[in-house]
2 protein chains.
Amino acid sequence: MELLEVLKGYKELIDNNLCHFIPQDVPENLAKSMEYSLKAGGKRIRPLLLLLVCDHYKISREISLPLALSIEYIHTYSLIHDDLPSMDDDDYRRGKLTNHKVFGEGMAILAGDALLTQAFNIISEIKNLSADKKIKVISILSEAAGPSGMIKGQVLDLENEGKILTEEELKEIHINKTGKLLLAPLKMAAEICDLKDEEKKALEKYGESLGLTFQITDDILDICGNFQDMGKLSGSDEKLQKATYVSIKGLEKAKELAQYYAQLGVEALSEGNLQIPYLKEILTYLLTRKG
Amino acid sequence: MELLEVLKGYKELIDNNLCHFIPQDVPENLAKSMEYSLKAGGKRIRPLLLLLVCDHYKISREISLPLALSIEYIHTYSLIHDDLPSMDDDDYRRGKLTNHKVFGEGMAILAGDALLTQAFNIISEIKNLSADKKIKVISILSEAAGPSGMIKGQVLDLENEGKILTEEELKEIHINKTGKLLLAPLKMAAEICDLKDEEKKALEKYGESLGLTFQITDDILDICGNFQDMGKLSGSDEKLQKATYVSIKGLEKAKELAQYYAQLGVEALSEGNLQIPYLKEILTYLLTRKG
């Protein structure tokens, strides 16, 4: 099957189930605010990565789907908080008004808090998965999203606004801010599927390369994309005087670097002899995406 | 031993260990912001409740202390976010500037997010506790702190500012906003200590009564306390036109109601034949506290 058709199928599966894990007994406006951002679209690449690996190793969707969605809950919370006036101060995200522009800042903060907390509740309530495995994935996810992972990246990003960065400093921000939560679904899937140590290592190397490919192409799109494809005004990083791969290395060198990391990802898959469908193709897709 | 001495001992134990669970690899300012609020004091009643129960049933501190502290991490995050300008907009908490007044709004939001995420990481990493028990307490804690628990209470609180509430509506806010996270340590301890069903039920009833006693006395102190004892300007609820037990029922009736719930808590302990030291005395302490 064509990659885009496969991606579409997974995206539908994810979109159709995302809101099922909001508890019943939630105030109406809070539920609306959580749903608004969960339904705001996006590529769903994090849950997709977990599902691709788990499907290949024949893990029941009863287990893999809630796991995949828990990561998207955390990703969604991070976007809501990142868009706040005291952070990136964005009015639009994926072509829609950001959460706080619709529901107000207080509710947006609470909706983010709720999605983050609920992510761990979702995992704790999965049926037919051993407590041992649940604890392993909670440990991976909380570390990836926590103060030495994604939040570290957010802090570095916030503190370095307007500063001139080296490529190494920028890489440090990206590895934490987006890389670790892109890696988490692969590490979680590796635990769930009982991969061998060398397979785990290869999958991690793939995930790290994918994270950097993703981020560099994001920087390129931020300069070159248009509102329709990106859903936000391009040049918004420039507005905040954020260092990007494009501002540090120039457009052509940034494109080369994205290709380099994509190639590293492909190599990692061969090294680990991992035959998981579509992982390789996703790298090419990231390189050529328009939004 | 006198209750106050016991409380002091536990408070020292908690205070001395709270910051040990911030990971090493955290940006300096983020660590400072997390520590600032963790060290800002407070009665430490939530971790205290868990420790009192676990100590009575001879659970190792290697297990009970991180569990107790994880709850205080969540409580601390909730205070940081609750004080933000878009929420209660408080400049002082426990006599010190609030987190965002010192570190800025962006960092305060991230420090809160970090404490919340880290709470679940702390539990996942406890040594010598079965994965099964860890998942049970994560389930309890994430539900208590989540969108049908504490965050529900925050939302109701935010939405009802300036409105005239019935006693029932106010009770609904308090049960969620403060009650459920005061109940969580008791429910978590009951799981860890393998209490019988009727003992669990009694401990929950005690916890619910304690939560209401706590909240009503807090409302009374908000009117009658002074800055030195309370660490915040009294009358701050009035400033935000928040309904309180005092504004709805008057001071005398509110005092009677606090005594009524404290009595219910004492009865619950006898009904369950729970001989856990100091639980009864804490109710009296709450009734007579000055800050």
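Residues numbered from 1 in each chain as written. Chains lettered and ligands numbered in written order. Predicted model: local features only at pLDDT ≥ 70, side-chain atom pairs only at ≥ 80, totals over all residues. Heavy atoms only, no water.

For chain A, an unreviewed UniProt entry supplies the name Farnesyl diphosphate synthase and the organism Anaerobranca californiensis DSM 14826. Comment text from UniProt for chain A, heading Catalytic activity (unreviewed entry), reads "isopentenyl diphosphate + (2E)-geranyl diphosphate = (2E,6E)-farnesyl diphosphate + diphosphate". UniProt, in the comment section headed Cofactor (unreviewed entry), describes chain A in these words: "Mg(2+)". (UniProt positions renumbered as here; feature names shortened; annotations may be inferred.)

Describe the packing of aromatic side chains, with residues and values.
In total, this model carries five aromatic pairs over all chains according to the counting rule given. An angle of 70 degrees between the planes, with centres 5.5 Å apart, marks the rings of Tyr36(A) and Phe103(A) as edge-to-face. Remark: Phe103(A) occurs in helix 5 (residues 99–103) and Tyr36(A) occurs in helix 2 (residues 28–38); sequence separation between them is 67 residues. Relative accessible area serves as the criterion here: at 18%, Tyr36(A) is assigned to the buried category. Ring geometry for Phe120(A) against Phe120(B): centres 4.7 Å apart, planes inclined by 25 degrees, an arrangement best described as stacked. Here Phe120(A), found in helix 6 (residues 105–124), pairs with Phe120(B), found in helix 6 (residues 105–124), and the two come from separate chains. Summarising the burial analysis for this pair, Phe120(A) and Phe120(B) share the class buried. Stacked on the ring of Phe214(B), the Lys or Arg Arg289(B) has its end atom at 4.7 Å from the ring centre. (Phe/Tyr/Trp six-rings, centres within 6.5 Å; stacked < 30°, edge-to-face > 60°. Helix = DSSP H or I, 4+ residues; strand = E, 2+ residues; numbered from the N terminus. Buried < 20%, exposed > 50% of the residue type's maximum accessible area, 1.4 Å probe, protein only. Lys NZ or Arg CZ within 6 Å of the ring centre and 35° of its normal.)

I'd like a rundown of helix 6 of chain B, residues and numbers included.
With 20 residues, helix 6 of chain B extends 29 Å from end C-alpha to end C-alpha; this agrees with the ideal 28 Å at 1.5 Å per step. For helix 6 of chain B, a buried count of 19 out of 20 residues is recorded, marking the element as mostly surrounded by other parts of the structure. (Expected span 1.5 Å × (residues − 1).)

Pulling in residues and values, what's your account of the relation of the copies chain B and chain A?
Look at the two chain copies: a rotation about an axis and a shift along it is all it takes to match them. Under the fitted operation, chain B is carried onto chain A by 0.0 Å of movement along the axis and a turn of 180 degrees, and the coordinates agree to an RMSD of 0.0 Å. When the rotation and shift are considered jointly, the pair of chain copies conforms to a two-fold rotation axis. Taking the C-alpha atom as reference, chain B places Ala131(B) closest to the rotation axis, 2.6 Å from it. The overlap is high: 100% of the interface residues of chain B also sit at the interface in chain A, so the same surface is used on both sides. (Least-squares fit on C-alpha atoms with pLDDT ≥ 70 in both. Contact = heavy atoms within 4.5 Å.)

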